[in-house]
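Close look at the chain arrangement
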Amino acid sequence: MPDPDLSLPLITSDQPEVLISIDDDGEDPVLDHLEFDHLNPVNPFRFISDAEPPVQNPTTVDPFRNDTPRVYGLYEAVKIVICLPVALVRLVLFGVSLAVGYLATKVALAWWSDRHNPMPRWRCRIMWVTRFCSRCILFSFGYQWIRRKGKPAGREIAPIVVSNHVSYIEPIFYFYELSPTIVASESHDSLPVVGTIIRAMQVIYVDRFSQASKKDAVHEIKRKASCGRFPRLLLFPEGTTTNGKAIISFQLGAFIPGYPIQPVVVRYPHVHFDQSWGNISLLMLMFRMFTQFHNFMEVEYLPVIYPNDNQKQNAVRLSQKTSHAIASSLNVVQTSHSYGDLMLLNKASELNLENPSNYMVEMAKVESLFHISNSEAVRYLETFSSMNPDSSGCVTLHDFLRVLKLKPCTLSKEIFGFIDVEKTGSITFRQFLFASAHVSTQPLFQQTCELSFSRCDADGDGYISIQELGDVLKPTIPNLNKDEIQGMYILLDDDKDQRISKNDFLSCLRRNPLLIAIFALTFAPT
């Protein structure tokens, strides 16, 4: 028998192709018969850009999850029972210390109206009572001793201190140790007792959702860092608490002024009780701290990081050097998660989605790619959640079309294929967000939306009738019936006044930018 010619194909061109069709009663028969070329997919948004959404591999790191949100194991249960009497004593010590510290702070702040300038020295001396009370509070939480490594640099050397943020314990420790000026959310001002104490620290308030507020906060940081009569400044550049197993993206507020920075690392060594403030309530975390024999805490002051002369205005470079120093000291990874991911995590929990961590997307990276806000990402998650994602966070074509009021056709499957970059037959929230943001941030998107409305508004009365909508949709989505047109009409009627104005139309497309393909496929704006 001669040797086979390996250069020849296994199936030659003169052999008939065999197509095997497998029916699945659980699938839509219309979807089954749609032809779609996964190897050569068509870009349904080519009228605004030939580019496809970037592909980003998801990370498996969850920087917000507390490993022990509940009591696990017999040892922990027995320890809690044994420590209950001790917990009561600690609770009393906590209450007394908080009350005394609050009263001392009220005295220090009495009749002081010039908050723009440094606190007078005699008022600062009164605040020593509050600082001593804060150490008693740490003692009540089980931090009888705290291991320190290194020393804080003088204020004249490093006027700004930055630290990783794991729990509510670090601000209490730093207040006792350094008595710094802190940067905090405006919402903290209304907190009972705590709001009064942080006001005495000459806090710099910032609204994380306002660019104007952030700009004002940076100005205040620079002003107070440059004046030696103010205390040093303390910032937590991650902007939220993590579990200490990763360093998430840094906000730039501490680095824009261009002053030397002293990084500080906080660790909480543990075996049975994770002290991080993640997916655990504040009351439960406090109770668990009260019922431990001792809670370990380590604080390490790292060498001061100086901005190079030619990098003095490069806040990004200085923040990268600082975050790398902290991550290296902790021996943990750096990720592009941000406070926006925590918003997504909380929203996924609120929507009762399985495995909420599936819906984190490393928002710092998303913001740099598409310049969309955290609120916009949360809005996309609300839409995605209505598509009935499974336990792995994936959505099928059927549910995708149901929510966007589309019917199975070549165009709708091309839209789905545009999102499904891995061609698995299902899409994740990350893919949905990337595709939606990619389309909505194209330079021609807004113009295309406006031209699409003009095309739909055939009689030029400023509103789209259901007849006009049907006339536009039928060429791109064949065989539409009245109910399907009515479903799309209701979706586009953003204010639900039973008529589609230009504002309704544009608002709906901003929330569902992928729908622009069904209106604008036949033309491109000039």
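For clarity, every value in this text was computed on a predicted model and none was experimentally measured.

1. Considering the overall build of the protein
- Along the protein, the regular secondary structure elements total 19 helices and 13 strands.
- Overall size of the protein, expressed as C-alpha extent along the three principal axes, is 90 × 75 × 50 Å.
- The buried share of the protein, taken over its 526 residues, is 49%.
- By element, 56% of the accessible surface of the protein is carried by carbon and sulfur atoms, the whole surface being about 26700 Å².
- If you average the places of the 49 positive and of the 56 negative side-chain charges in the protein, the two averages end up 19 Å apart.

2. Here we look at the domain arrangement of the protein
- For the protein, the assigned domains are domain 1 (74-334), domain 2 (339-441) and domain 3 (443-521).
- Centre-to-centre, using C-alpha coordinates, domain 1 lies 35 Å away from domain 2.
- Contact residues are listed per partner, giving five residues for domain 1 and four residues for domain 2.
- Between domain 1 and domain 2, the buried area comes to about 410 Å², and carbon and sulfur atoms account for 68% of it.
- For domain 1, the biggest contributors to the area lost against domain 2 are Arg208, Phe209 and Thr240; these three give 73% of the whole.
- Inspection of the domain 1/domain 2 interface yields zero salt bridges.
- In this assembly, domain 1 and domain 2 are joined by zero residue pairs in polar contact (both at pLDDT 80 or more).

3. A short note on the pairing of strand β7 (residues 261-267)
- With six of seven residues buried, β7 is to be regarded as a mostly interior element.
- Bridge count for strand β2 (residues 160-163) against β7 is four bridges, and the pairing is parallel. Opposite Ser163, over in β7, you have Val264 as the bridge partner.
- Note: β7 against strand β8 (residues 298-301), four bridges, orientation antiparallel. Considered in β8, the bridge of Val265 is made with Glu300.

4. Things to note about helix α9 (residues 339-350)
- Given a rise of 1.5 Å per residue, 12 residues ought to cover 16 Å, and the 16 Å separating the end C-alpha atoms of α9 matches this to within 8%.
- For α9, every residue scored as buried is listed here: Gly340, Asp341, Leu342, Met343, Leu344, Leu345, Lys347 and Ala348.
- The elements touched by buried residues of α9 are α10 (363-370), α11 (374-385) and α14 (429-440).
- A positive backbone phi angle near 60 degrees is found at Asn352, which sits one or two residues after α9.

5. Examining the packing of helix α2 (residues 73-109) against helix α3 (residues 121-140)
- Remark: α2 packs on α3, axes separated minimally by 8 Å, with the N-to-C direction vectors making an angle of 165 degrees. When the axis of α2 is compared with that of α3, the two are roughly antiparallel. The handedness of the crossing between α2 and α3 comes out as left-handed. Touching Arg90, Leu93, Phe94, Ser97, Leu98, Val100, Gly101, Ala104, Thr105, Val107, Ala108 and Leu109 of α2 are Arg123, Ile126, Met127, Val129, Thr130, Cys133, Cys136, Ile137, Phe139 and Ser140, all from α3.

6. Quick look at the nonpolar core
- In this structure, Phe45, Phe400, Phe429, Phe505, Ile518 and Phe519 are the most contacted members of the largest nonpolar core, which totals 67 residues.
- Considering each element in turn, this core owes the most residues, seven residues, to α14.
- Split by domain, this core shows at least three residues from each of two domains, domain 2 (339-441) and domain 3 (443-521).
- Once residues lying within four places of it in the same chain are set aside, the contact partners of Phe400 are Met387, Val395, Ile415, Phe416, Ile419, Ile427, Phe432 and Leu514.
- Core analysis: the second largest hydrophobic core is formed by 42 residues, Ala87, Phe94, Phe236 and Phe290 among them.

7. Observations regarding the sheet that holds strand β1 (residues 147-149)
- The strand order β1-β8-β7-β2-β5-β3-β4 describes an open sheet built from seven strands, whose pairing is mixed. The open sheet terminates on both sides in strands that have one partner only, identified here as β1 and β4 (204-206). Strand-to-strand twist across the sheet, computed as the mean angle between neighbouring axes with direction ignored, equals 25 degrees.
- Alignment of β1 against β8, held across three bridges, turns out to be parallel. Residue pairing in the sheet places Lys149 in a bridge with Glu300 of β8.

8. So, the side chain of Asn374
- Along the chain, Asn374 falls in helix α11.
- In this view, Asn374 contacts Gly340, Met343, Met363 and Glu367; residues no more than four positions away in its chain are not counted.

9. Here we look at empty space enclosed by the protein
- For the structure shown, the criterion picks out one cavity of 30 Å³ or more.
- The calculated volume of the largest cavity comes to roughly 30 Å³.
- Lining the largest cavity, in full, are Tyr380, Leu404, Phe432, Ser436, Arg511, Asn512, Pro513 and Leu514.
- The residue makeup of the lining of the largest cavity, split by class, is five nonpolar, two polar and one charged.
- Among the domains, domain 2 (339-441) and domain 3 (443-521) are the pair contributing at least three residues each to the lining of the largest cavity.

10. A word on the packing of aromatic side chains
- If you walk through the whole model with that rule in mind, you get 21 aromatic pairs.
- Aromatic side chains Tyr359 and Phe429 sit 6.3 Å apart centroid to centroid with 55 degrees between the ring planes, which places their arrangement in the tilted category. Here Phe429 lies in helix α14 and Tyr359 lies in the loop between α9 and α10, a separation of 70 residues in the sequence.
- Taking relative accessible area as the criterion, Tyr359 reaches 1% and is therefore assigned buried.
- Taking relative accessible area as the criterion, Phe429 reaches 1% and is therefore assigned buried.
- Feature note: the residues Phe94, Phe141, Tyr168, Trp277 and Phe290 constitute an aromatic cluster, connected by ring pairs.
- Note that Arg208 overlies the ring of Tyr339, its terminal NZ or CZ placed 3.6 Å from the centroid.

11. Considerations on the environment of Asn479
- Locating Asn479 in the fold gives a position in the loop between α16 (466-473) and α17 (482-492).
- Among the residues examined, Asn479 registers a relative accessible area of 68% and is labelled exposed.
- When residues no more than four places from it in sequence are discounted, the contact partners of Asn479 are Lys407 and Glu484.

12. Considerations on helix α6 (residues 211-226)
- Here α6 contains 16 residues, and its C-alpha end-to-end distance of 23 Å stays within 8% of the 22 Å for a straight helix at 1.5 Å per residue.
- Regarding α6, the residues found buried are Ser213, Ala217, Val218, Glu220, Ile221, Lys224 and Ala225. Each buried residue of α6 lies within a common arc of 165 degrees when the element is viewed along its axis, so the set occupies one face. In α6, the exposed positions angled more than 90 degrees off the buried face are occupied by Gln211, Ala212, Lys215, Asp216 and His219.
- On its buried side, α6 packs onto β2, β3 (181-185), β4 and β5 (233-235).

About the cut-offs
- In this numbering scheme, every chain counts its residues from 1 along its sequence in written order.
- Local features are withheld for residues below a pLDDT of 70 in this predicted model, meaning they are given only at 70 or higher, and side-chain atom pairs are given and counted only at 80 or more; totals for whole chains, interfaces and linings count all residues.
- Note that the side-chain values use all heavy atoms of the structure and ignore hydrogens as well as water.
- Think of it this way: any DSSP run of H or I at least four residues long counts as a helix, any run of E at least two long counts as a strand, and we number them from the N terminus.
- Whether a residue is buried, partly exposed or exposed follows from its accessible area with a 1.4 Å probe, protein chains only, as a fraction of its type maximum: under 20%, in between, or over 50%, in that order.
- The accessible surface values rely on the Shrake-Rupley method and a 1.4 Å probe; as for residues, cover is taken only from the protein chains in view.
- Only four residue types enter the charge count, namely Lys and Arg as positive and Asp and Glu as negative; His and the chain termini do not.
- Just so you know, the charge point we use is NZ for Lys, CZ for Arg, CG for Asp and CD for Glu.
- Domain limits in this description derive from either an automatic procedure or a database domain assignment.
- Whether two residues are in contact is decided by their heavy atoms, any of which lying within 4.5 Å being enough.
- Here the quantity called buried area is the total loss of accessible area, with a 1.4 Å probe, experienced by two parts when brought into contact, counted for both.
- Here, a salt bridge means any side-chain nitrogen of Lys or Arg that lies within 4 Å of a carboxyl oxygen of Asp or Glu.
- Pairing of N or O atoms within 3.5 Å defines a polar contact, subject to two protein rules: one partner must be a possible hydrogen donor and the other a possible acceptor, and residues neighboring in sequence count only if both atoms are side-chain atoms.
- Only when DSSP finds a minimum of two bridges between them are two strands counted as paired.
- The span you would expect from a helix comes to 1.5 Å times its residue count less one.
- Comment: axis = line fitted to C-alpha atoms, over the contacting stretch for helices; angle = value between 0 and 180 degrees taken between N-to-C directions.
- Oblique is the label for any angle not under 35 degrees, not over 145, and not in the 65 to 115 range, which are roughly parallel, roughly antiparallel and roughly perpendicular in turn.
- Here a crossing is taken to be left-handed if its near helix is turned anticlockwise relative to the far helix by less than a right angle, and right-handed if that turn runs clockwise.
- In this text, buried Ala, Val, Leu, Ile, Met, Phe, Trp, Tyr and Cys residues form a nonpolar core when linked through side-chain atoms within 4.5 Å.
- As defined here, a cavity is a set of points on a 1 Å grid over the protein atoms alone where a 1.4 Å probe fits but cannot get out. A pocket is an open set with protein on both sides within 12 Å along at least five of seven lines, and residues line them when an atom is within 4 Å of a point.
- Grid points are joined across faces, edges and corners, and a volume is the space filled by probe spheres set on the points.
- The classification used treats Ala, Val, Leu, Ile, Met, Phe, Trp, Tyr, Cys and Pro as nonpolar, Asp, Glu, Lys and Arg as charged, and all other residues, Gly among them, as polar.
- Only centres within 6.5 Å qualify two rings of Phe, Tyr or Trp (six-membered ring in Trp) as a pair; their planes then separate them into stacked at under 30 degrees, edge-to-face at over 60, and tilted for everything else.
- For a lysine, the NZ atom is tested; for an arginine, the CZ atom; a charge sits over a ring if that atom is within 6 Å of the ring centre and within 35 degrees of the ring normal.
- The directions from the helix axis to the C-beta atoms form the arc being described.

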